[in-house]
Amino acid sequence: MKVLIIFLLLFNCSLLYSKQENIDIKSLLESGKFEIAKNKINNISDVYLKNYYNALYHLYLGDYQTAENYILEISSIPLLDDEKQFFLEYIPLLNKILSNGYMSFDSEHFKVMLKGRDIILKDYILEKLEDIYSKYKELFLYAAEDKVRVEVYNTKDEFAFASTLGKENVEKAGVVGICKFNRIMILSPENLPFGYRWCDTLAHEYIHFILNRITEFTYPLYLHEGTARYFDTLYRSENSLYLTAGNANLLLDAKKNNKLIKFKDLKGSLVYLDSQQQVELAFSEVASFVEFLISSYGKEKFIQFVYSYKKYSNNEDKLYLDIFKTNFEKILNMWEDFIDTKEEISKLYSGAKPDFKFFSVGSENILIGLDTKQYIELGDKFLANRNYKAALYQYKKAQQQENFNPVVLTRIAKINFLLKNYNEAENILQECIKANPNYVNSYELLVKIYYEKGEYEKIFDVFRNILEINPFNYEIRNIVAEVYADLGKIKEAVKEYEVVSILNPSDTKTKTILDSLKRYLEMKNSLKK
């Protein structure tokens, strides 16, 4: 018995290792310093610890089978600490998930994992990732040296596990992406009935990825999230689009009611805040803080600030003084005054809603206020009975409560569409999109309007937004395929009909059209020869 106790004491002392060494190796892996990390691991004398850190090393490299082989070497060890027990369970199951139907696709700078119907994202995601790479290389003067691994999880359960966040936190906080273990993980937009800005999420997580490299894992959460959110739309826009009217309303309301979240209270991850509303408020705060720094001191100064952070990580206030010549507390006070400059957006688009993520159709109801809900429900009943004028009357009463509510405006536009008042419907949707640019229903209805009006060329700009929010809408993609065919763009039509076939394999009409278009292209190519 004494021998066993001595063995366990000696063994656990070896597994405790140096806590600082443990932190150092993990920080090196997160920062992409794999060669240095590997040298440290090679110098570990204890075989079990070496196996453990080799497992982490290969996990971060994306070599999950080798990681599993190493982690299983410590499976027989008694009394593993919580961290080692976690990875002992995590790595084999992750390897199992990604070995079950996931396929790898490469571009110059990225390796993307897709499964099932997510294959329809392949070309677009690789193209967008390269756009993201180029833009942030230009902005941050940094680019990843090796290919970045991107995993698009096919189900919410798989994403919740792989991200380590858990299903409850994913839904509560509206989490759809994470940068962790040297890779970018996002949830397939098909898991949300209205999709989400998944390309912006890729940009957001890639910015986290390069910030970890630049700052060597020292950048604090409020700056990490603020920088990523402020910059994550700049690959598709000259100006940051981080602050929608709805989020501006949320930010201003929090300031007026003294409910701004203090930066010092943002620890670990925003996912642990109480609700999506709190998460969106936090994003709006930290991104507006970064906007304030850039607008006050210039983008070059801000990038200098980012690069300098690792040298000042233990003395942040001195960094603010050295770079911006102002202490942190004063900058915070100036930023709170800066928030008031967003009042114009709020006044212009009253009733616009924050960018929430919806995991079920019914969850969209959180966008509807209690005073508005009764009119929406009554209008929906009239709509179901095709009493369009009565429905329109109720929806307009709802609009009096919340002028730029996207649910209300889209309902009003839909009635006008059904009444063939296409121009009126178009104007309403254009205003809705200005106030709520990430609400996909507006874009989808706009495609149908342009189709009915025969304004085919206008469809493609709108369709680009749909691709970046909800690319799995079978009806819209079928319309776009038909438009390509009508315009004589046969190659594009074939490509789009192939997507339609994947989304609805039982659609025999689409298969017939697709086969016919392919035969046409084959005949055309043979004539050229």
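Anything mentioned here points back to the structure above.
A quick note: this is a predicted structure, and the numbers were derived from the prediction, not measured. (Residues numbered from 1 in each chain as written. Predicted model: local features only at pLDDT ≥ 70, side-chain atom pairs only at ≥ 80, totals over all residues. Heavy atoms only, no water.)

All right, on to the overall build of the protein chain then. Looking only at helices and strands, the protein chain features 26 helices and five strands. A globule of 529 residues ought to have a C-alpha radius of gyration of about 24 Å, and the protein chain, at 26 Å, matches this closely. If one aligns the C-alpha atoms of the protein chain with their principal axes, the spans along those axes are about 85 × 65 × 50 Å. Across the protein chain, contacts joining residues at least 24 apart in sequence account for 65% of those joining residues at least 6 apart. Each charge sign in the protein chain was given a centre, from 69 positive and 74 negative side chains, and these centres are 2 Å apart. (Helix = DSSP H or I, 4+ residues; strand = E, 2+ residues; numbered from the N terminus. Rg over C-alpha atoms; globule rule 2.2 N^0.38 Å. Contact = heavy atoms within 4.5 Å. Lys, Arg positive; Asp, Glu negative; His and termini not counted. Charge placed at Lys NZ, Arg CZ, Asp CG, Glu CD.)

Right, let's get into helix H21 (residues 422–435). Note on helix geometry: an α-helix contains 3.6 residues per turn, so any two residues three or four positions apart are oriented the same way. With 14 residues, H21 extends 20 Å between its outermost C-alpha atoms, agreeing within 8% with the 20 Å of an ideal straight helix rising 1.5 Å per residue. Taken together, the buried positions of H21 are Tyr 422, Ala 425, Glu 426, Ile 428, Leu 429, Cys 432, Ile 433 and Ala 435. Taken together, the buried residues of H21 touch helix H12 (245–256), helix H20 (406–418), helix H22 (440–453) and helix H23 (456–467). (Expected span 1.5 Å × (residues − 1). Buried < 20%, exposed > 50% of the residue type's maximum accessible area, 1.4 Å probe, protein only.)

It is at 10 Å that the axes of helix H7 (residues 122–140) and helix H10 (residues 198–215) come closest, and there the two elements cross at 40°. Classed by the angle they form, the pair H7 and H10 counts as oblique. Crossing of H7 over H10 shows right-handed handedness. Residue-level inspection shows Tyr 124, Ile 125, Lys 128, Leu 129, Ile 132, Tyr 133, Tyr 136 and Phe 140 of H7 in contact with H10, the latter providing Trp 198, Cys 199, Leu 202, Ala 203, Tyr 206, Ile 207, Ile 210, Leu 211 and Ile 214. Tallied by class, residues from the contact of H7 with H10 come to 16 nonpolar, no polar and one charged. (Axes fitted to C-alpha atoms, helices over the stretch in contact; angles between N-to-C directions. Parallel < 35°, antiparallel > 145°, perpendicular 65-115°, else oblique. Left-handed = near helix turned anticlockwise from the far one by under 90°. Nonpolar A, V, L, I, M, F, W, Y, C, P; charged D, E, K, R; others polar.)

Turning our attention to the sheet that holds strand E2 (residues 110–114). Strands belonging to one sheet form pairs held by backbone hydrogen bonds; the direction of such a pair is parallel or antiparallel. Reading across the sheet, the five strands line up as E1-E2-E3-E5-E4 and stay open at both edges, with mixed pairing between neighbours. The strands lining the two open edges of the sheet, one partner per strand, are strand E1 (103–106) and strand E4 (177–180). Direction aside, the axes of adjacent strands within the sheet are offset by 20° on average. For strand E3 (residues 148–153) and strand E5 (residues 183–187), the ladder comprises five bridges, and the chain directions are parallel. Bridge pairing in E5 places Val 150 opposite Ile 184. (Pairing = 2+ DSSP bridges.)

One can find Glu 280 in helix H13 (residues 276–297). With residues near it in sequence (within four places) discarded, Glu 280 still touches Arg 229, Asn 247, Leu 250, Asp 355, Phe 356 and Lys 357.

The full count for this structure, using the stated rule, is 43 aromatic pairs. With a centroid separation of 4.8 Å and 20° between ring planes, the pair formed by Phe 460 and Tyr 484 is classed as stacked. Within this pair, whereas Phe 460 is found in helix H23, its partner Tyr 484 is found in helix H24 (residues 474–486), the two being separated by 24 residues in sequence. Of the two residues, Phe 460 and Tyr 484, neither departs from the other in class, the shared state being buried. It is Lys 38 that lies over the ring of Tyr 57; its NZ or CZ is 4.9 Å from the centre. In this arrangement the basic side chain of Lys 84 is found over the ring face of Tyr 52, its NZ or CZ atom lying 4.9 Å from the centre. (Phe/Tyr/Trp six-rings, centres within 6.5 Å; stacked < 30°, edge-to-face > 60°. Lys NZ or Arg CZ within 6 Å of the ring centre and 35° of its normal.)

This paragraph deals with the pattern of salt bridges. Applying the stated rule across the entire model yields 39 salt bridges. Here Lys 495 and Asp 123 are joined by a salt bridge, their closest N and O atoms 3.4 Å apart. Taken as a pair, Lys 495 in helix H25 (residues 490–503) and Asp 123 in helix H7 lie far apart in primary sequence, 372 residues in all. By relative accessible area, which is 46% here, Lys 495 ends up partly exposed. A salt bridge links Lys 256 to Glu 343, with the nearest nitrogen and oxygen atoms 3.3 Å apart. Here Lys 256, found in helix H12, pairs with Glu 343, found in helix H17 (residues 343–348); they are 87 residues apart in sequence, far enough to count as distant. A residue is classified by how much of its surface remains accessible, and Lys 256, at 60% relative accessible area, is exposed. Salt bridges here are not isolated pairs; linked through shared partners, they connect Lys 128, Asp 131, Arg 197 and Glu 468. (Salt bridge = Lys/Arg side-chain N within 4 Å of Asp/Glu carboxyl O.)

Time to look at the nonpolar core. Counting residues in hydrophobic clusters, the biggest one holds 190 residues, and the most contacted among them are Tyr 136, Tyr 206, Phe 231 and Phe 289. By residue number, the principal contributor to this core is H13, which donates eleven residues. Excluding residues within four positions of it along the chain, Phe 289 makes contact with Tyr 222, Leu 223, Phe 263, Tyr 320, Phe 328, Ile 331, Leu 332 and Trp 335. (Core = buried A, V, L, I, M, F, W, Y, C linked by side-chain atoms within 4.5 Å.)

Locating Gln 276 in the fold gives a position in helix H13. Excluding anything up to four places from it in sequence, Gln 276 contacts Glu 171, Lys 172, Ala 173, Gly 174, Phe 356 and Lys 357.

Here we take up the pairing of E5. E5 sits mainly inside the fold: five of its five residues count as buried. Here E5 shows two buried faces, one formed by Arg 183, Met 185 and Leu 187 and the other by Ile 184 and Ile 186. Where E4 meets E5, four bridges bridge the pair, whose relative direction is antiparallel. Across the sheet, Cys 179 pairs through a bridge with Ile 184, a residue of E5. The loop that links E4 with its antiparallel partner E5 comprises two residues; one of these, Phe 181, has a positive phi angle of about 55°.

Bringing the packing of helix H5 (residues 64–71) against helix H6 (residues 82–98) into the picture now. The interhelical angle for the contact between H5 and H6, taken along N-to-C directions, is 150°, at an axis separation of 9 Å. The angle between H5 and H6 falls in the class roughly antiparallel. Note that H5 runs across H6; the crossing there is left-handed. Residues Tyr 64, Gln 65, Ala 67, Glu 68 and Ile 71 of H5 form the contact with H6, whose participating residues are Phe 87, Leu 88, Ile 91, Pro 92, Leu 94, Asn 95 and Leu 98. Counted by class, the contact of H5 with H6 contains nine nonpolar, two polar and one charged residues.

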